[in-house]
Amino acid sequence: MTVQQSTESDESGGAGERGETGPEEVAGKAAPAAAGEVTREAAEEDGKAARKKRPFWQELPILVVVALLLSLAIKTFFVQAFSIPSGSMEETLSIGDRVLVDKFTPWFGAEPERGEVVVFRDPGGWLEGGAEHSDDSVGGTIQKVLSTIGLMPSADEKDLIKRVIAVGGDTVECKAGAPVKVNGAALNEPYLFPGSTPCDNDPVGTVTVPKGKLWVMGDHRNNSRDSRPHQNETGDGFVPVDNVVGRAFVVAWPLGNWRTLPVPDTFDQVPSAAAGPASSPEGPSAPGAAALALAVPVTLWNRRRGQRSLRGQSGHSGLSGRNGRSGRWGLGGRR
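Note that the structure is predicted; figures quoted are calculated from it, not measured. (Residues numbered from 1 in each chain as written. Predicted model: local features only at pLDDT ≥ 70, side-chain atom pairs only at ≥ 80, totals over all residues. Heavy atoms only, no water.)

**Student:** With reference to specific residues and values, describe a nonpolar patch on the surface.
**Tutor:** Together, Ile74, Phe77, Phe78, Val79, Phe104, Trp107, Phe108 and Phe249 make up a nonpolar patch on the protein surface, roughly 790 Å² of accessible area in all. Its location among the elements puts phenylalanine 77 in helix 2 (residues 56-77). (Patch = residues over 30% accessible without salt bridge, like charges linked within 9 Å, V, L, I, M, F, W, Y side chains within 5 Å. Areas by Shrake-Rupley, 256 points an atom, 1.4 Å probe, with all protein chains shown as cover. Salt bridge = Lys/Arg side-chain N within 4 Å of Asp/Glu carboxyl O. Helix = DSSP H or I, 4+ residues; strand = E, 2+ residues; numbered from the N terminus.)

So this is what it looks like as C-alpha cells:
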C-alpha cells in the first residue's frame, strides 16, 4: 500500500508539476511575441503620425515644382495662351484678348487650312519698324518668365496672328474694288472690320501660293501688315507652314468676349487648287466631243447590222431570235 501510494503521489506530483509549469511556460513564450507585435504596430503608427504631421511649407516646394512642370508640358505640346497686342484682327480679335492656341494636332501632321486663325513666327522682316518694342522693365521680365512656363499669355514680339486665306497651290486674286478670290471663287467675308475693304488699300493682283507656304491676311485689312505689303519683300509675303505655332480656337479672356473661332462658311465654297476652273460644269473637251461624234454612228451601224443578221436567220423582223429564244438578241444586236 505504501509503495503504491508513493508511486501514485509521485505520478500525481509529476503531473501536477507538469500541469503547473506548462501554462506558465506557454504564457512566458507568448508574452514576448505579443510585446513584439505591439512594438511594431506602435512604430508604424508613430511613422504615419510623423508623416501626417509634416508641415505644409515642406510640401509646398514639391507641389510648386510639379505644377510648373505640368504647365510647361501643356504649353509646349498641347495648348498655349497668347495675348493680342494690335488691332490687325479686329473685329474678330480685340486688343488685350487672350486666345488659346492648339499646338497638339500639328504633331500628327495636320496643316493649316483656309479660314483658320493661326499664330506664326515672323517669316523675316514683318515686324521691323513696328510700333511694338521689347519691355525690359521688371514687369516685362516677369511676364516673359511666366509666359515661358505657360502661366501667363505669351506676348512674344516675334509671333503674329492672322487668318489663312490660301494654302499651297491656291491662286489668290486681290484687286481694288473687288472681293478676294481664291481659285476663282469670291469670298464673302462678314468677319471684316466694319468699313474695311477687302483689297483696296493693298491690291497685289493675282498670285499663286507655293507648296508649303500660306497666304495670310488680317481681318482689319486697312490696319494689317500681312501678306499683301510684304509681297515685294523677303519671302514674297508667304508664310512657311513650318513657322506656324498653332491654330487659335477660342477667345478665353476676358469672359465677356468668350467665343470660339470656327472656319467661316465661305471657305467651304472654295474649289481645290487641283480642280481649278475645270471644276465648273462645262461641255466636253474637243477630243471628248470628237470621240463622242465618232461613237454614235458606229453604234448605230452595229445595231442595224445585228438586225439584218436576225432577219436572214429567222425570217422574222420581230424581237425574238433564232429558235424562238427571245432572250439572246435585242435591239442592239448581240449581247
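**Student:** Provide a residue-level description of the pattern of salt bridges, including the pertinent values.
**Tutor:** This structure, assessed with the given rule, holds four salt bridges. Here aspartate 170 makes a salt bridge to arginine 114, at a shortest N to O gap of 2.7 Å. Here arginine 114 lies in the loop between strand 2 (98-102) and strand 3 (117-121) and aspartate 170 lies in the loop between strand 4 (159-167) and strand 5 (171-174), a separation of 56 residues in the sequence. There is no split in this pair, since aspartate 170 and arginine 114 are both buried. Between aspartate 226 and arginine 228 there is a salt bridge whose closest N-O contact spans 2.9 Å. For the pair aspartate 226 and arginine 228, one class covers both residues: buried. (Buried < 20%, exposed > 50% of the residue type's maximum accessible area, 1.4 Å probe, protein only.)

**Student:** Give me the lowdown on unusual backbone geometry, citing residues and values where you can.
**Tutor:** Cis peptide bonds are those with omega within 30 degrees of zero, and the linkage from glutamate 90 to glutamate 91 qualifies with 15°. Of note, the bond from tryptophan 253 into proline 254 is cis; its omega dihedral lies within 30 degrees of zero at -5°. A positive phi angle, close to 55°, is found at asparagine 183, a residue other than glycine. Looking at where asparagine 183 falls in the secondary structure, it is placed in the loop between strand 6 (181-182) and strand 7 (185-186).

**Student:** Please give an account of the nonpolar core that cites residues and values.
**Tutor:** Inside soluble globular proteins, nonpolar side chains tend to come together where they are buried. Counting residues in each nonpolar core, the largest one holds 17 residues, and the members touching the most others are Ile165, Val172, Val180, Leu187, Trp215 and Met217. If you list the elements that add at least two residues to this core, you get strand 4, strand 5 and strand 9 (213-217). For leucine 187, the contacting residues outside a window of four places in its chain are Ile165, Pro179, Val180, Val182, Thr266, Phe267 and Val270. (Core = buried A, V, L, I, M, F, W, Y, C linked by side-chain atoms within 4.5 Å. Contact = heavy atoms within 4.5 Å.)

**Student:** Lay out the state of the cysteines in plain terms, naming residues and giving numbers.
**Tutor:** Applying the stated criterion across every chain yields a total of one disulfide. In this model, cysteine 174 is linked to cysteine 199 through a disulfide, with the two sulfur atoms separated by 1.8 Å. Taking the torsion about the sulfur-sulfur bond, which here is approximately -115°, the covalent link between cysteine 174 and cysteine 199 counts as left-handed. Within this pair, whereas cysteine 174 is found in strand 5, its partner cysteine 199 is found in the loop between strand 7 and strand 8 (205-208), the two being separated by 25 residues in sequence. (Disulfide = S-S within 2.5 Å.)

**Student:** Describe the sheet that holds strand 7, with residues and values.
**Tutor:** Strand order in the open sheet made by the four strands is 7-6-5-8, with antiparallel pairing throughout. Edge strands, defined here as strands with exactly one partner in the open sheet, are strand 7 and strand 8. Across four bridges, the pairing between strand 5 and strand 8 is antiparallel. Each bridged residue has a counterpart across the sheet, and for threonine 171 the counterpart in strand 8 is threonine 208. (Pairing = 2+ DSSP bridges.)

**Student:** Lay out the packing of aromatic side chains with the relevant residues and their values.
**Tutor:** For the structure shown, the criterion picks out four aromatic pairs. Relative to tryptophan 126, the ring of phenylalanine 120 lies with its centre 5.7 Å away and its plane at 85°, an arrangement referred to as edge-to-face. Looking at phenylalanine 120, the relative accessible area reads 0%, which means it is buried. The class of tryptophan 126 is buried, set by a relative accessible area of 4%. Arginine 163 extends its terminal NZ or CZ atom over the ring of tyrosine 191, reaching a point 4.1 Å from the ring centre. (Phe/Tyr/Trp six-rings, centres within 6.5 Å; stacked < 30°, edge-to-face > 60°. Lys NZ or Arg CZ within 6 Å of the ring centre and 35° of its normal.)

Bear in mind that shape data such as this cannot, by itself, settle questions of function.
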